[in-house]
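As a plain string of letters, each chain reads:
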Amino acid sequence: MNPIAISVFDIFKIGPGPSSSHTIGPMVAAARFQELAGKLTAADQARATSLQVDLFGSLSATGKGHGTDRAVAAGLLGWRPDACDTDQVAALLQNPDQVYQFTMPQRQIGFRAADIRFANTHPDTPYANTMVLRLLAGRDILLEKECYSIGGGFVLYKDEPEPARPTPRHLFSNMTELKRLLNDNGLSLVELVLQNEEALTGRSPADVWKGLDQILSVMEDSVESGISRSGMLPGTIKLARKAPTLYARARAMRNHPDRFLVLLNAYALAASEENAAGRRIVTAPTSGSAGVLPGLIYMLKAQVHMPQQALREGLLAAAAIAFIAKHNASISGAEVGCQGEIGVASAMGAALLNQAYGYSINFIENAAEIALEHHLGLTCDPIGGYVQIPCIERNAVAAVTAYNAYLLASAGDPQKQKIT
């Protein structure tokens, strides 16, 4: 068995938007490069004269719009995704002539925007998101790292094995094995995830709750910030924020039966628009899908008054679904498209809701499967020709989608719709 050995806090990462693979991952890689440079000998540090960063593949093709160069610059300055000021990150590299300092214990090296280069080529590497960082002494390479940003803020490094992790207490690689463990050991899903977290990271349950409270706080902040900010999102599309309009109209609906769904739409859009603006969000499981869970959580807290402990436990159930999806397939939009990462986020959200409302693992599994299945393409048996699975269920899902599309259109501003 190749068991899952992923921490809850590998899935839920705090950082700047708009992309976990294009922003958070490159910032992590650049910050680690700065750390490694600081461990060179004093003589090598003294020889250093320049920095060079090359972005390849998707990081090059779409990196400018995603702010990858700014994220790299932030990492080279020693900034970390979970602690950086997103407004300061957004301000980086605006002046191409500004010089920034790459700091090592024995030397500082100046770098500019031009030192972070979009290669506009697809390298012969295993991953679409590749970056190469070099510290130079003239033409001599003092330090070089080839890095791969593989989605969700995870980073791999060429010629480096993934760091060894402790063995989880409960070994599983898919839902069938997970359910068997729960049954054989008489555990709840929450208990199993907590015990594995302690084995993997050394965090006690109290530490896990504290970490999840921070995650919940950032998610809630992203919703509250998003429903209060108007204007255009960054980029050439000139897309106007929709969340404040939906939120204002929902508040005016009072006792209207549609109010609940319009508010949920507003909350999810708010967090996602904050991500698009490069502001502070939580990967869930990626930045591109960072609006789904915050929208649901804020709705549960504001409208349902769900207790904090139920929300914490819901996040653990959501993480378990993300573990299985990442281990057996992918959560990276670069690999499985946006329907893949949003599908996983929706499955996580369905699991969170069932856990928060006190349902068992069988309900959690079924809800996650339904949510994921209806975000994917062909999942039926076209040879047998049965118009049954998922065709029947998709009619119900599509009916809800149609009603939601009506709400988004009728509660929104038709003059701001970009696509006709």
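Here, the structure is the one placed above.
Calculation notes
- Residues numbered from 1 in each chain as written.
- Predicted model: local features only at pLDDT ≥ 70, side-chain atom pairs only at ≥ 80, totals over all residues.
- Heavy atoms only, no water.
- 1 Å grid on protein atoms, 1.4 Å probe; cavity = no way out; pocket = protein on both sides within 12 Å on 5 of 7 lines; lining within 4 Å.
- Points joined across faces, edges and corners; volume = space filled by probe spheres on them.
- Helix = DSSP H or I, 4+ residues; strand = E, 2+ residues; numbered from the N terminus.
- Nonpolar A, V, L, I, M, F, W, Y, C, P; charged D, E, K, R; others polar.
- Salt bridge = Lys/Arg side-chain N within 4 Å of Asp/Glu carboxyl O.
- Buried < 20%, exposed > 50% of the residue type's maximum accessible area, 1.4 Å probe, protein only.
- Phe/Tyr/Trp six-rings, centres within 6.5 Å; stacked < 30°, edge-to-face > 60°.
- Lys NZ or Arg CZ within 6 Å of the ring centre and 35° of its normal.
- Pairing = 2+ DSSP bridges.
- Axes fitted to C-alpha atoms, helices over the stretch in contact; angles between N-to-C directions.
- Contact = heavy atoms within 4.5 Å.

Trainee: Sorry if this is basic, but what is going on with the layout of surface pockets here?
Mentor: Of the voids in this model, the second largest pocket is the one considered here, and its volume is about 1400 Å³. Asp-10, Lys-13, Phe-154, Val-155 and Arg-165 are, among the 39 residues lining the second largest pocket, the residues nearest its centre. Where the lining of the second largest pocket is concerned, the elements lending two or more residues are helix H1 (8-11), helix H2 (20-37), strand E8 (155-157), helix H10 (205-228) and helix H14 (308-328). When the residues that make up the lining of the second largest pocket are grouped by side-chain class, the tally is 21 nonpolar, seven polar and 11 charged.

Trainee: Quick question: what am I supposed to make of the pattern of salt bridges here?
Mentor: Oppositely charged side chains can pair when the atoms bearing their charge come close. Counted under the stated rule, the structure contains 17 salt bridges. Its salt-bridge partner being Glu-35, residue Arg-80 comes within 2.4 Å of it at the nearest N-O pair. Residue Arg-80 is located in the loop between helix H6 (68-76) and helix H7 (86-91), and its partner Glu-35 is located in helix H2; the two are separated by 45 residues in the primary sequence.

Trainee: Is there a simple way to explain empty space enclosed by the protein in this structure?
Mentor: In this approach a probe as big as a water molecule rolls over the atoms, and the regions it shows empty are the leftover space. Within the structure shown, the criterion is met by one cavity of 30 Å³ or more. The wall of the largest cavity is formed by Ile-4, Ala-5, Ile-6, Val-8, Phe-172, Leu-192, Val-193, Asn-196, Glu-197, Leu-200 and Phe-323. If you tally residues by element for the lining of the largest cavity, the top one is helix H9 (residues 189-201), at five residues.

Trainee: Would you explain H6 in this entry?
Mentor: Side chains of residues three or four places apart in an α-helix project in the same direction, reflecting 3.6 residues per turn. Of all nine residues in H6, eight are buried; the element is thus mostly enclosed. Turning to H6, its buried residues number three or more, namely Thr-68, Asp-69, Ala-71, Val-72, Ala-73, Ala-74, Gly-75 and Leu-76. Note on H6: the residue one or two positions beyond its end, Gly-78, has a positive phi of about 90°.

Trainee: Explain the packing of aromatic side chains here, please?
Mentor: The description of an aromatic ring pair rests on the distance of the ring centres and on the angle between the ring planes. Scanning all chains against the criterion turns up seven aromatic pairs. Residues Tyr-267 and Tyr-298 carry aromatic rings whose centres are separated by 4.7 Å and whose planes lie at 65° to one another, so their mutual orientation is edge-to-face. Taken together, the positions of Tyr-267 in helix H12 (residues 259-276) and Tyr-298 in helix H13 (residues 292-304) put the pair 31 residues apart, joining distant regions of the chain. Across this residue pair, the class does not change: Tyr-267 and Tyr-298 are buried. Within the aromatic cluster, the residues linked to one another by ring pairs are Tyr-247, Tyr-267 and Tyr-298. Positioned above the aromatic ring of Phe-9, the side-chain terminus of Arg-203 is 3.9 Å from the ring centre.

Trainee: What should I look at first to understand the sheet that holds strand E5 (residues 116-118) in this one?
Mentor: Two orientations exist for strands paired in a sheet by backbone hydrogen bonds: parallel and antiparallel. An order of E5-E2-E6-E7-E8 is seen for the five strands of this open sheet, with the pairing classed as mixed. With partners counted over all chains shown, the strands left at the sheet margins are E5 and E8, one partner each. Averaged over all adjacent pairs, the angle separating strand axes in this sheet is 25°, with direction ignored. Both strand E2 (residues 50-56) and E5 contribute to a ladder of three bridges, which runs parallel. Bridging from a neighbouring strand, Leu-55 pairs with Phe-118 of E5. Lying over the sheet, H6 contacts E2, E5 and strand E6 (129-137), oriented at roughly 145° with respect to E2.

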